[in-house]
Amino acid sequence: MITGLMFRDSIISAANNIANSRQAVDALNIFPVPDGDTGTNMSMTISAAAKEMATLADNCTIDEASAKCASALLRGARGNSGVILSLIFRGFAKGFKGLKEAGAKDIANAFKEGVDAAYKAVMKPTEGTILTVIREAKDAAVEMAEIQDEPLEVGFAALQAAKEALATTPELLPVLKKAGVVDAGGQGLVLIFEGMESVWHNGVIVQPLDGSGVTPVAPVSKSTVADASDDIEFGYCSEFLIEKSDSAKEKDPLKLRAFLESIGDCVVVVDDSDIIKVHVHSNEPGNVIQAALKYGQLINIKIDNMRYQHANADVGVKDGDKIIEPTVTAPENDYGFVAVCAGEGLEELFTDIGADVIVSGGQTMNPSTDDILNAVMNTPAKTVFVLPNNKNIIMAAEQAIPLAADREVRVLQTKTIPQGISAMLAFDETADADENQMTMMSAAQAVETAQVTFAARDSEVDGRDVHEGEIMGLCNGKIKFIGNDITDIAYKAADKLFRKNEHSLITLIYGEGVSEEDADKVSERLGKKYGADVEISTVNGGQPIYYFIISVE
């Protein structure tokens, strides 16, 4: 049987195993544009779960361990690959619900739930990706469970099938075959399964290698005691999950939140499908529990005396990685905005046009679902519009929608900075949320975006060789120009998108490595060609990665 202890340790092992090969997985990305990198995103996502696993006691059930793992993965999910990984493990948790330990058929059922959750989240599933790998692993697990009662054999069959499926991904995706690589997301998943298998079959937790950037994680030491602090107003940290019950006296989680806020602080009440997650600092943990019992059965109860213990003492993380309680701001206004961007100039720009909270991130720096959720909860609005401004952040942002219990979250699928800016400028405070969402997205989709960046790796795009370090001009996400002159590439990209009688405005947002004089040079060249037909403005965005982000509308 697979116990909660085995599952706990296997997640820690899995996180270490993918961290050891993170850069190798990143290198499998075939598109030369610098991006969030699959290996890094998947590693950071499961590392969030490993830190939570380290707080579980040895006698935890597989229900408790998998539920805590899924919750941490959901909040820690970064990039599309991280979100899909979190959904797979959310399915696992659903399959293990109510179990103390898991048998062969339970493992197979968990794989089925994981595959269902992952496929449902992707609008147009592509074979030859992580989805293929997890589906083949599921098929093998189900087949083995029909003839074998040993859960370890079921897990091993799933791993072997995942490896075989990974090897076939180049046959399913020609672009992989041409580059001579396997799918990066699938490779990441196999590494995670190998780390888990090391514990399940051999009882060995894979340890991080020097240079992996991971601090070894170990189960929490219950004897670690911190000095008492007289500065703590509310001394007890209470955390637990409420399993909703149809026969419960109370149904509305907002009522519970209001009560907890009246007796404590750092209140988080998250209504997530069939559970309610609760966190509160108070001096009345007994009253907290009594109030919560009106909503259903309590599980994963954890109450710490913060005057004698550090909430995250000795769990094997760096000081900078310790959990910081999110700021929660009362939803007083009708509407608010959260924008994702990087660069001091862009942050100021989004703030000037109405963004309440800025999440620092973008290309190569994909924020987690928790980062976005915390920003939403710090926005003083009943309806919060989130602008991801990057296609690899949209899925993580959408995972935050059901987690914000006391406010509505609407994610606008803005894929670029110019789309986000145009969407915000189209907001009408006199219109309702539905009208604004349609109007803002219509404005975003009317914008054409050019980007100038560098090639992060050697590659081949549309029959053209791209060499690491070369300057590339992208028009609406597609590489159109390659060269060595930043300003020349910026001019060509803007010129490619601009059409007389259809467009009238070009905005040049210049970033790190580009001077105002460089931006003026591009502006003057465009002005000479189009004269009175175009209005050109330049903005110092200060963004990394992109020398220029160009808006044409």
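Rules used in this analysis
- Residues numbered from 1 in each chain as written.
- Predicted model: local features only at pLDDT ≥ 70, side-chain atom pairs only at ≥ 80, totals over all residues.
- Heavy atoms only, no water.
- Helix = DSSP H or I, 4+ residues; strand = E, 2+ residues; numbered from the N terminus.
- Contact = heavy atoms within 4.5 Å.
- Expected span 1.5 Å × (residues − 1).
- Buried < 20%, exposed > 50% of the residue type's maximum accessible area, 1.4 Å probe, protein only.
- Arc of directions from axis to C-beta.
- Pairing = 2+ DSSP bridges.
- Axes fitted to C-alpha atoms, helices over the stretch in contact; angles between N-to-C directions.
- Parallel < 35°, antiparallel > 145°, perpendicular 65-115°, else oblique.
- Left-handed = near helix turned anticlockwise from the far one by under 90°.
- Nonpolar A, V, L, I, M, F, W, Y, C, P; charged D, E, K, R; others polar.
- Phe/Tyr/Trp six-rings, centres within 6.5 Å; stacked < 30°, edge-to-face > 60°.
- Core = buried A, V, L, I, M, F, W, Y, C linked by side-chain atoms within 4.5 Å.
- Salt bridge = Lys/Arg side-chain N within 4 Å of Asp/Glu carboxyl O.
- 1 Å grid on protein atoms, 1.4 Å probe; cavity = no way out; pocket = protein on both sides within 12 Å on 5 of 7 lines; lining within 4 Å.
- Points joined across faces, edges and corners; volume = space filled by probe spheres on them.

On to the environment of Ser10, then. Within the element layout of this structure, Ser10 appears in helix H1 (residues 4-20). Measuring from C-alpha to C-alpha, the distance between Ser10 and Val199 comes to 5.3 Å, with 189 residues separating the pair along the chain. Excluding residues within four positions of it along the chain, Ser10 makes contact with Gly195, Met196, Val199 and Trp200.

A word on helix H6 (residues 104-121). Along its 18 residues, H6 runs 27 Å from first to last C-alpha, staying within 8% of the 26 Å computed at 1.5 Å per residue. Every buried residue of H6 is listed here: Ala104, Ile107, Ala108, Ala110, Phe111, Gly114, Val115, Ala118 and Tyr119. Projection of H6 onto a plane perpendicular to its axis shows the buried side chains occupying an angular sector of 155°, all on one side. Seen from the open side of H6, the exposed residues pointing more than 90 degrees away from its buried face are Lys105 and Lys120. Among the structural elements, strand E1 (2-3), helix H5 (79-95), strand E2 (101-102), helix H7 (130-147), helix H8 (151-172) and helix H10 (184-202) are those in contact with the buried residues of H6.

It is worth spelling out the sheet that holds strand E7 (residues 333-341) at this point. Overall, parallel pairing links the four strands, which are arranged E8-E7-E9-E10 in an open sheet. Because the sheet does not close on itself, it has two edges, and the strands there are strand E8 (357-360) and strand E10 (408-411). Looking at each pair of strands side by side, their axes are set apart by 20° on average, direction ignored. Across four bridges, strand E9 (residues 381-387) lies against E10 in parallel orientation. Looking at E10, one finds that Val384 is bridged to Val409.

What follows concerns the packing of H1 against H10. Interhelical geometry of H1 versus H10 gives an angle of 135° and a closest axis separation of 7 Å. Regarding the angle of H1 to H10, the classification is oblique. Relative to H10, H1 is oriented so that their crossing is right-handed. Mapping the contact onto sequence places Met6, Phe7, Asp9, Ser10, Ile11, Ser13, Ala14, Asn17 and Ile18 in H1 and Gly188, Leu191, Ile192, Glu194, Gly195, Met196, Ser198, Val199 and Trp200 in H10. Here the residues of the contact of H1 with H10 sort into 10 nonpolar, six polar and two charged.

Right, let's talk about the packing of aromatic side chains for a bit. Taken as a whole and assessed by the stated rule, the structure comprises 11 aromatic pairs. Their ring planes at 70° and their centres at 5.8 Å tell us that Phe111 and Phe193 sit as a pair that is edge-to-face. Separated by 82 residues along the polypeptide, Phe111 in helix H6 and Phe193 in helix H10 bring together distant segments of the chain. Aromatic side chains Phe337 and Phe427 sit 4.9 Å apart centroid to centroid with 85° between the ring planes, which places their arrangement in the edge-to-face category. Of the two residues, Phe337 is situated in strand E7 and Phe427 in the loop between helix H16 (417-425) and helix H17 (433-445); the sequence distance between them amounts to 90 residues. Put simply, the rings of Phe89, Phe92, Phe111 and Phe193 pair up and form one aromatic cluster.

Attention now goes to the nonpolar core. Membership of the largest hydrophobic core comes to 69 residues, with the highest contact counts inside it found for Phe7, Phe89, Ile192 and Phe193. No other element matches H10, which puts nine residues into this core. Not counting chain neighbours up to four residues away, the residues in contact with Phe193 comprise Phe92, Phe111, Ile134, Ala137, Leu159 and Ala162. Core analysis: the second largest hydrophobic core is formed by 29 residues, Cys341, Ala455, Ile482 and Ile545 among them.

With mixed pairing, the six strands of this open sheet are ordered in space as E15-E14-E11-E18-E16-E17. The open sheet has two edge strands with one neighbour each: strand E15 (478-483) and strand E17 (535-540). The sheet shows a mean angle of 20° between the axes of neighbouring strands, taken without regard to direction. Examined bridge by bridge, strand E11 (residues 448-454) and strand E14 (residues 471-475) share five bridges and lie antiparallel to one another.

With that settled, consider the pattern of salt bridges. In this structure the tally under the stated criterion is 21 salt bridges. Where Arg78 meets Asp371, a salt bridge forms, and the shortest distance between an N and an O atom there is 3.7 Å. Taken together, the residues Arg78 in the loop between helix H4 (62-76) and H5 and Asp371 in helix H14 (residues 369-377) connect sequence positions 293 residues apart. Between Glu408 and Arg410 there is a salt bridge, with its nearest N and O atoms 2.9 Å apart.

Glancing now at the packing of helix H13 (residues 344-352) against H16. The geometry of H13 relative to H16 is characterised by a closest axis approach of 10 Å and an angle of 20° between their N-to-C directions. Taken as axis vectors, H13 and H16 run roughly parallel relative to one another. For the pair H13 and H16, the crossing hand works out as left-handed. The residues of H16 that touch H13, namely those facing Leu346, Leu349 and Phe350, are Ile417, Gly420, Ile421 and Met424. For the contact of H13 with H16, a count of residues per class yields six nonpolar, one polar and no charged.

Now for the environment of Arg90. Position of Arg90 among the secondary structure elements: in helix H5. Linking Arg90 and Ala67, residues 23 residues apart in sequence, is a C-alpha distance of 7.5 Å. Here Arg90 is in contact with Ala70, Leu74 and Gln399, once residues within four sequence places are set aside.

Attention shifts here to empty space enclosed by the protein. Across all of its chains, the model carries one cavity of 30 Å³ or more by this definition. Of the pockets and cavities examined, the largest cavity occupies roughly 140 Å³. Those elements that provide at least two residues to the lining of the largest cavity are H6, H8 and H10. The greatest single-element share of the lining of the largest cavity, amounting to four residues, is contributed by H10. Residues belonging to the lining of the largest cavity are distributed by class as follows: 10 nonpolar, one polar and one charged.

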